[in-house]
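Chain and residue survey
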Amino acid sequence: MLKKIIGVCLFVLLLSEWSGMVLAAVDQYGYQQTNQDEERKKYIAKLLEDRQKVEMAILNTRSLIDKSRNRPYLPELYLRLAELHIEKSRIAFFVRKNQRDGESSSLDQFESNTLKNRALEIYQRILDDFPDFQDQDKVHFFMAHEFRELNKTDEMIAHYREIIRKYPNSSYVPESYLLLGDYFMGKGDVDMAKRHYEKVIDYPFSQAVVIARYKLAWCHINNADYKSAIHLFEDAVSQSENLKNIDIDTYRRVDVKQEALIDMAYCYTECYKDSTPEEALTYFQKYSWSRQVYVVVLEKLAYRYLLKKKWHHAALVYRQLSILQQDADKLLDYSKNIFECVQAMGKFDDVDQDMAIIVKALKKQKYAADVTDEVKAKNVKDYELYARDLATHLHQKARKDKSADDFRRAADAYKTYLEFFNESPVKQEMNVNYSEALFSSKDYLHAGKQYEKLALASEKDPKNRKENLYSSVISYYTAIKNKDNLDSYELAFARGGLKETGKSYAKEFPTSRYVEDVLFNVAWISYDAGNYDDAIKDFSEFVNKYPGGKPASAAVHLILDAYHLKEDHEGLIAYGRKVLADNRIRDSKLKQDVVQIVKATESKVVSNLTIAAMDDWEKGKSELLDLAEDSTTSGMGEQALNALIISAKDKDDLQALFTGGNTFIKKYPKSDKLESTMNAMIDSSLKINQYRMVASYLESFAEKFPKNKVAQDFLNQAGQIRKNLGQNELSNRNYIRILNTYSMNDGVADEVVFNMADNYIALNKDDGAISVMEGNLKKLSETGKVRAEAMIAGLYLKKGQEKNALKYRKMAYSDYSGKTAGKDPALDEAFAEMAFHAVQRNYNDYSALQLKGKIDNTVVARKAKLLEDLEKGYQSIMGYPSPVWVLSACYYAARINHEFARFLIESPLPELSADQKENYLKIIQQKADGYSKKGDQYLDTFVKQAKKLEICDSKVAGLVDLSSGKVTQKGRMQSFNGSEERVSVAQNSLKDEDTKILHEKLMKHSNDAGLLLSLSSAFINKGDYRLGLLIAQNALSGIKTGKSEVKADLYNNIGVAYLFMGQDELAKDAFKSSLENSGKNIGAQVNLAGLYSYYGHERRAYSIYDTLPGTKLIEETGQIIHPKAKELYMAQRGGKRK
Amino acid sequence: MLYNRRLAGFLGIFILMLSVLAGPYQSDVYAVSSKNESDKKDPKVQPVVANEYDRKDFEKGYHYFEKEDYEAAAPYFYRFVKNHTADDEDYEWAEFFLAISLAKTGFSHASVDILSMLVTRKPNQKIVTYALEVFETIVRTKPFDRELVINQAICDQDYGFVDGRLSNFIHYYQGVYDWQHGFFEWGDGHFRNISKESYYYYKYLYQKAKQELHNDKIDEAIATLKTIMVRDVKETDLKDDVRKMLARLLYEKEDFKAANRLYQDIEQNILDQSQNLMELAWVQYRQGNPEKAMGLLYAFEAPSFKNSFTPEYFILKSFIYKDVCHYQRALDVVEDFRARYGDALTHIYNRKEPITNEALILVLLGKKQINDTFKFLNLLTREKEKVKGIKDSVFQFYMNRLYDLKIRESAETLRNQIQESYEEMANELLKYEEEAYLMAYEIGLDMYQRVTDHHYAGEENKEQKSDKGIVVYPFQGEFWNDELSDYHVSLPDKCNQMEEWDIFFK
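This report concerns the structure included in the present document. The numbering scheme is per chain: residues are counted from 1 as the chain's sequence reads. The naming scheme follows written order: chains are lettered A onward, ligands numbered 1 onward. Given that this is a predicted model, residues contribute local features only at a pLDDT of at least 70 and side-chain atom pairs are listed and counted only at 80 or more, while totals for whole chains, interfaces and linings are drawn from all residues. For the side-chain quantities, the full set of heavy atoms in the structure was used; hydrogens and water were omitted.

Below, the discussion takes up the overall build of chain A. By definition, any uninterrupted DSSP run of H or I lasting at least four residues is a helix, any uninterrupted run of E lasting at least two residues is a strand, and each is numbered from the N terminus. Within chain A, the regular secondary structure consists of 53 helices and 2 strands. Only protein chains enter the accessibility calculation, which uses a 1.4 Å probe. A residue is then buried if its area is under 20% of the maximum for its type, exposed if over 50%, and partly exposed in between. When each of the 1138 residues of chain A is scored for burial, the buried share is 52%. Contacts in chain A between residues at least 24 apart in sequence constitute 60% of all its contacts with a sequence separation of at least 6. As displayed, chain A has an accessible area near 54,200 Å², and 49% of this comes from carbon and sulfur atoms. Contact definition: two residues touch when any of their heavy atoms are within 4.5 Å. Exposure was quantified through the Shrake-Rupley algorithm and a 1.4 Å probe, taking into account, for residues, occlusion by the shown protein chains and nothing else.

This brings us to the pattern of salt bridges. Note on pairing: side chains with opposite charge can pair once their charged atoms come close. The salt bridge criterion pairs a side-chain nitrogen of Lys or Arg with a carboxyl oxygen of Asp or Glu, the two atoms within 4 Å. Applying the stated rule across the entire model yields 86 salt bridges over all chains. Salt bridges linked by common partners bring Lys347(A), Asp349(A), Lys397(A), Asp401(A), Asp406(A) and Arg409(A) together as one network.

Although it is not a glycine, Glu567(A) adopts a positive phi angle of roughly 60 degrees. For Glu567(A), the position within the fold is in the loop between α25 (550-566) and α26 (569-581). If you check the backbone angles, Asp216(B) has positive phi at about 65 degrees while not being a glycine. Relative to the elements of secondary structure, Asp216(B) occurs in the loop between α10 (199-214) and α11 (218-230). Asp216(B) sits in the exposed class, given a relative accessible area of 61%.

Before going further, it helps to examine the packing of aromatic side chains. Two aromatic rings, taken as a pair, are described by how far apart their centres are and by the angle between their planes. All names here are of chain A. Stacked, tilted and edge-to-face are the three classes assigned to paired rings of Phe, Tyr and Trp, where Trp is represented by its six-membered ring and a pair needs centres within 6.5 Å; plane angles under 30 degrees give stacked, over 60 edge-to-face, the rest tilted. Applying the stated criterion to the full structure yields 96 aromatic pairs over all chains. Judged by centre distance (6.0 Å) and plane angle (70 degrees), the rings of Tyr 1102 and Tyr 1105 are edge-to-face. Residue Tyr 1102 and its partner Tyr 1105 are both found in helix α51 (residues 1098-1105); the two are separated by 3 residues, about one turn of the helix. A ring has a charge above it when a Lys NZ or an Arg CZ is no more than 6 Å from the ring centre and no more than 35 degrees off the ring normal. Sitting above the plane of the Phe 976 ring, Lys 1124 keeps its charged end 5.5 Å from the centroid.

Residues and elements named next belong to chain B. Here, patches come from residues exposed beyond 30% relative accessible area and free of salt bridges, joined within 9 Å for like charges and within 5 Å for nonpolar side chains (Val, Leu, Ile, Met, Phe, Trp, Tyr). A cluster of nonpolar residues, Leu 438, Tyr 441 and Leu 445, forms a patch on the protein surface that exposes about 320 Å² of accessible area. Within the secondary structure layout, Leu 438 lies in helix α20 (residues 393-457). Leu 438 sits in the partly exposed class, given a relative accessible area of 46%.

This brings us to helix α14 (residues 274-286) of chain B. Residues and elements named next belong to chain B. Expected span of a helix: the number of residues minus one, times 1.5 Å. End to end, α14 covers 18 Å across 13 residues, agreeing with the expected 18 Å (1.5 Å per residue, within 8%). Counting buried residues along α14, 11 of its 13 residues qualify, which places the element largely inside the surrounding structure. Among all positions of α14, only Ser 274, Asn 276, Leu 277, Met 278, Glu 279, Leu 280, Ala 281, Trp 282, Val 283, Gln 284 and Tyr 285 are buried. Buried positions along α14 lie against α12 (236-252), α13 (256-265), α15 (290-298) and α16 (311-323). The first or second residue beyond α14 is Gly 288, which carries a positive phi of 85 degrees.

Dropping the structure here:
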């Protein structure tokens, strides 16, 4: 039967195709142009023609049957004949149907049924007449089919059962069961149907099995056995892979696999009631073989859930469908259903998705040309309500639960809504909601944008504008505060947003209580973005407007920091000072901070300049000086100068160092760096051996810091230096300050008092000397006291105040004892001097006491007594360890004896006889000779001692001609140099090219004896002997041991300096020391020889001259030679040459 | 010449962009009318009762269609379709013929619109097959509505009956769609059905490589791409895509030589290869050929590359100069970056509308997705212009409406794409700005370091000679079109040489 049916169909198809070819040509696209009336007529004609052919075939078959009696193939001919009747029956049906133009009539069936009955008769004959015909099962099967067509179900059942009963192995058995099952199913007899379908399962190789399973599943569904049903559907889906083209009557066009899958959706909702929608999706994805099929089954499933009011499940499946589907109408349906589910559930968790689905659907429709505007408008209107409802519900829920997630979803939903429903009647409200949701979801950037948009839209509504602008400011601000959540663009946008909205807010609503905060943040944003110029400008305006509050303090700090970050130090300092000067800013802590910051910055500026100056000193120095000069207030100028001093010291730029230092001291007397600066200057001037400057700085230091523990010492040193430099007046000023200010330390009193006294004496101010010594007698040491007493006594004596002199002399004599004698050369010297003058005070009386023309015994006796006393006194002095006073005593002892001798000889003769007279004269002469001799002995002692001591002291050396041993006429001679020449080079030495270089070198190598020698020589050569002397002495103090040429040179310098200063004795010692270090020191040799020569130590002089080289070498020597020494040398050389 | 042409093109594009991005699309920009055609009333709005047997319009249409007078045929088919329903005889054919007529008369989008609706109704297989052929051709040759053609017409339907080349086409796009939606098994099923030597198979392999890359299976991705490379793939676009992707992967694997070769092999017009050039320059740089890299970078000085978004260019150039101690030049490059993108950055900082950021907008148009939309919008605009030539008012009304709506949609899409990409690009530019600052800082550090090293290393100032002499190909207009791969400049190593500025540190 199946083959038959197929054969008929193919036949019909062939007919139609053929007819098509006849009717119209097929164009390149396969379209056949047709005329329906024509077509129908032609079709009927064709059917009639076909019927003729079938009738012809029936006639032929009959004829053949007649000719084939008893032939074995006769039943097959009958079978063919029956099939031809069936064909004719169908053609007859179609002819009738087409002739009536579509309207059907019972008569249409009559002819057809008649022919079917003829066929059934033929089939029955085969069964009856040919019981052995091998295809009897087929005949039964065909008959059952025709009986079903004729609606004769009993007969149909009978034949199917006959097949099952009689031909159990027939291939028609499973199909018979299947069709019987269908029959009972149709009748509602599920059990019977089920039994028949189950029988089919026993024939696994039959195509009917797949269908039977599917049908059986439905039986289970009818019995509410969904589990069994779904398993069968699953099997049907899984096992029907190769049965796409099932060749079973009535099932030919049925896609059982797809049907089974779709029906699984029905069962699934019953069978897996507890499964989640996600599980359901997974389940159906597993059984679906394509996305398209999956969509189909999901639609069924979603609908089932919807019907069963499983809202959550339905909604989720519809959402999944919305992702997969593109069809606008379907999407709209899904949206509607989702909305229904969500409404029913009252849960709005996925509103953002749902909103997207609605908009996706409407968007597709919106731009579709085939949908009318009316439909679009209606849908937009309807769905806008759904969408609005969804979003606002979620928003309410979010507010209630205070859930940031819900707010975020609500915001997403609003966003989607507003993007599409841009003409919504509630657009404004939704915009507000959107803004709020964004803010509450902590999406501050977008909240800021949204509020800004609202502010723009509410330009004519000040209240709303104010709120929206402020909300925008807050949103942007909060976004920036959490900048880690923003990318670079978002951050830039938020900053710009805050700035714009903030400025607008402040401008439009200046009285708002938030304006202060807003303006602060507007300024802050520029700072945060690194736009420091803007930040400074905005913050400055802010501070100017709100100088009083805490924000102002923060703003000031940020302004300063902005300047700092810009490295605009000048700007920072200027602003800082402005703040400090602003009385409206009262935050004292802030001001303290600003002071520190400004100071630190000033230091930084100076440091930078200082660092730069290290690389380019001339430029850097100039900049530092400019800065110092340009700075109107103390801070930076002070620091610049300080840096200049430090750098200059480092760079050995003495000019800059001392110029800067002096300016510093002058300009910034209260600077906390003054002490260190002055120390630096003292140290530097010491290093370069500029003692005048040293003294000056020491004095300044002591003046600025009188309470400093070194102040007294500094003054003392300054006094000493000044004294050594011959600046006695200045020296004493220092000592006076010491006396007036300090309780002098041990040992200092002696030094101070005697230096002062010396200075006064040098200044011919003996009263001053007396005063200072008298006034401080108790402060002096034991030896000092005696020395002072002696000196005071001497000075009083000098002044003619005998009484006072006596008083002190007595005190001195009383105090001078073994304890003190010989302990201190100065004391011994002073004591000797005092003693000498004490003796000497009678010398003039003695000399003046003369006989006046007649012998006066009283006079003689008195003179003899004076002689005795004087001689006794001189002799006592000769015991003191003081060469000058010893020699003086000798000298005067000689003089008084010679005087007495003269006195005797020249005394008037008494009135005596000639003989008596002769004897008298003889006796007188003898007496006088005795005194003369004694006097000569004293002179001899003098000469011997002077020569022994190589005395070169002008005070005594001139008294006696050492060569002849005779008393000279001139008495006291001039010093070797004649008179002292004083020149002060002072700071000019720093400009002098020669000394400047030496000073600079000394800055680095202050102990370099060679350098010091050169410097000493330089000063001596320039006439500043005292300074040259001091430098040389300092140099020697630095050379600890051993002999050296340098030492010899230094001693020579000292000697020369002393020569110039008239200190010939000291000069001699120095030259001798020089020669002890180096016997070949030409300078010392020439100088010493000259000195010896000058003071009459000829032998010693010649012993040196004899060893000296020629004049050329003398001229070329680098050592200093006193001009007079050179002159004497040259004279001696000249004489020698002669 | 090329420069002028391209510049003019860009100006035109820019004007168009201004109109599109300024707001909802207005057709008067194209001088059609002051009001959208679709906003007008339908001139034939009176209801027409469809008569099953009223086939006059169809027959007339078909008459002209047979004569290949598609312009005359289209209005008739449209009337037939408008006045009939899908159940009426030849309705689908009428739609189909209308679509073909439209395609033949230059209305590719209108044609696609009709065909995409038609195929979803599953008409007869002949119509579907031919419609799919039209789709396949358009997808490969013209800008088109991806949503409509790929997502809706191709991927939403089951075309099990189609075979051959069309089957490959369908399976490829459905497979990609399934993969994109996470349905990998179904996608695999589709890809298995693509014949092994077809274009779409190679396209599938390319997708597969991308998927492997996405799953961090780089070796597998390289193997897949190499599989394509050894096949005889004729389609240049695909082959270039494969070369580019493979080159990038090999670059990551530090196989610079192979990467270099692949970049060189790319056949795409050099003017569209700014990114490739940039990457090639990186390859050369990483290979230790700074001079070649610099040569490639010179290309970017060409006016043709004016609108390429290549801030990386400045960074790499600066790197190269820094490496060879041309510090001043390196700093100059950083300054160049600021000069080049200063306006763009100002726009960003000032939160101006993307449209006013000319520099970035022009570059954005070069991005594939945006460019596709833009090209499609251009196509719609051109085709809509042709609608004016339609004499039949009913049909013209329909066409105007169709195009207006689609132009509005595309403009909106373009606006959104630009907005989205603009933010990305702006963000990228801001990051590059940061990098430029960092670069300047690092250059400074290097300068100091080098001075220090120099002072401690002795005073031998040696200028290391470039082994290539000076510029091999002097700048002569647009030389780079053919000679880029060989172009290189001399970069003497100045690391041992004190330049003038160093005096400061001495």
